[in-house]
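# Structure assessment
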Amino acid sequence: SLSNAPMSLVCALQRFLVRFILEWDIPCSFPLLSFVDDVADYVYSCLVNKKCCVCGLKADLHHVDHVGTGRSRDEIIHEGMKVLPLCREHHTEAHTIGQKTFEEKWHITDGIDADKTICRIYKLKARKD
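I will try to describe carefully the structure that is included in this document. (Residues numbered from 1 in each chain as written. Predicted model: local features only at pLDDT ≥ 70, side-chain atom pairs only at ≥ 80, totals over all residues. Heavy atoms only, no water.)

We now examine the overall build of the chain. Secondary structure summary: the chain contains five helices and three strands in total. Listing the helices and strands of the chain from first to last along the sequence gives α-α-β-β-α-α-β-α. Each principal axis of the C-alpha distribution contributes one length, and for the chain these read about 55 × 40 × 25 Å. Looking at the chain alone, contacts between residues at least 24 apart form 59% of all its contacts between residues at least 6 apart. Split by element, the accessible area of the chain, about 8000 Å² in all, is 57% carbon and sulfur. (Helix = DSSP H or I, 4+ residues; strand = E, 2+ residues; numbered from the N terminus. Contact = heavy atoms within 4.5 Å. Areas by Shrake-Rupley, 256 points an atom, 1.4 Å probe, with all protein chains shown as cover.)

What follows is about the packing of helix α3 (residues 88-97) against helix α4 (residues 99-106). The interhelical angle for the contact between α3 and α4, taken along N-to-C directions, is 125°, at an axis separation of 6 Å. With respect to each other, α3 and α4 are oriented oblique. Where α3 approaches α4, its residues H90, E93, A94 and I97 are matched on the opposing element by Q99, T101, F102, K105 and W106. Here the contact of α3 with α4 is built from residues that sort into four nonpolar, three polar and two charged. (Axes fitted to C-alpha atoms, helices over the stretch in contact; angles between N-to-C directions. Parallel < 35°, antiparallel > 145°, perpendicular 65-115°, else oblique. Nonpolar A, V, L, I, M, F, W, Y, C, P; charged D, E, K, R; others polar.)

Attention now goes to the nonpolar core. Grouped together as the largest cluster of nonpolar side chains are 30 residues, with contacts concentrated most on Y42, V43, C53, L86 and I108. For this core, the elements supplying multiple residues, two or more each, are α1 (7-23), α2 (39-49), β2 (82-86) and α5 (116-121). The element best represented in this core is α2, accounting for five residues. Among residues more than four places away in sequence, those in contact with L86 are C52, C53, V54, A59, D60, H62, H91, A94 and F102. (Core = buried A, V, L, I, M, F, W, Y, C linked by side-chain atoms within 4.5 Å. Buried < 20%, exposed > 50% of the residue type's maximum accessible area, 1.4 Å probe, protein only.)

A word on the pattern of salt bridges. Taken as a whole, this structure holds eight salt bridges when the rule is applied. With a closest N to O distance of 3.9 Å, E79 and R127 form a salt bridge. Here R127 lies in the segment after α5 and E79 lies in the loop between β1 (60-63) and β2, a separation of 48 residues in the sequence. By relative accessible area, R127 is classed as partly exposed at 48%. Where K105 meets E93, a salt bridge forms, and the shortest distance between an N and an O atom there is 2.5 Å. With K105 in helix α4 and E93 in helix α3, this residue pair connects regions lying 12 residues apart in the sequence. Relative accessible area serves as the criterion here: at 46%, K105 is assigned to the partly exposed category. Because the salt bridges share partners, they merge into one network encompassing E79, K116 and R127. (Salt bridge = Lys/Arg side-chain N within 4 Å of Asp/Glu carboxyl O.)

Before going further, it helps to examine the sheet that holds strand β3 (residues 112-113). Sheet strands pair via backbone hydrogen bonds, and the direction of the pair is either parallel or antiparallel. Spatially, β1-β2-β3 is the arrangement adopted by the three strands of the open sheet, whose pairing is antiparallel. Strands at the two margins of the open sheet, each flanked by one partner only, are β1 and β3. The sheet strands contacting α3 are β1 and β2, and the helix crosses β1 at an angle near 15°. (Pairing = 2+ DSSP bridges.)

Here we come to the environment of H90. Turning to its location among the elements, H90 is positioned in helix α3. With a relative accessible area of 7%, H90 lands in the buried category. Remark: the alpha-carbon pair of H90 and C53, spanning 37 residues in sequence, is separated by 9.3 Å.

Here it is in structure tokens:
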């Protein structure tokens, strides 16, 4: 029982379990998003494992900071840009209803800053050190 455990331990266990489920592609009967309290950590774990942060299906990279219209995705530096992992259905929904409405509907942050790890996983340009 975790009833007498410190809340920090309970939260750490929860983050570990969610990361384990995502990494090992364990099916769940409920969306993990409704189970987590650290949404940013969950979304980052979804990015690393290429899982939709809304439903858990295979994800594409959704740019919260828009690309295109003069900003070629092959030329820009993606490191530091806000991104989300979304399946095709939720990616389309985000573009259809607008980013702010999408975030409010699904209680998702405004995206995660792409770091060198995310850029490497998705084969995006990062800053050269």
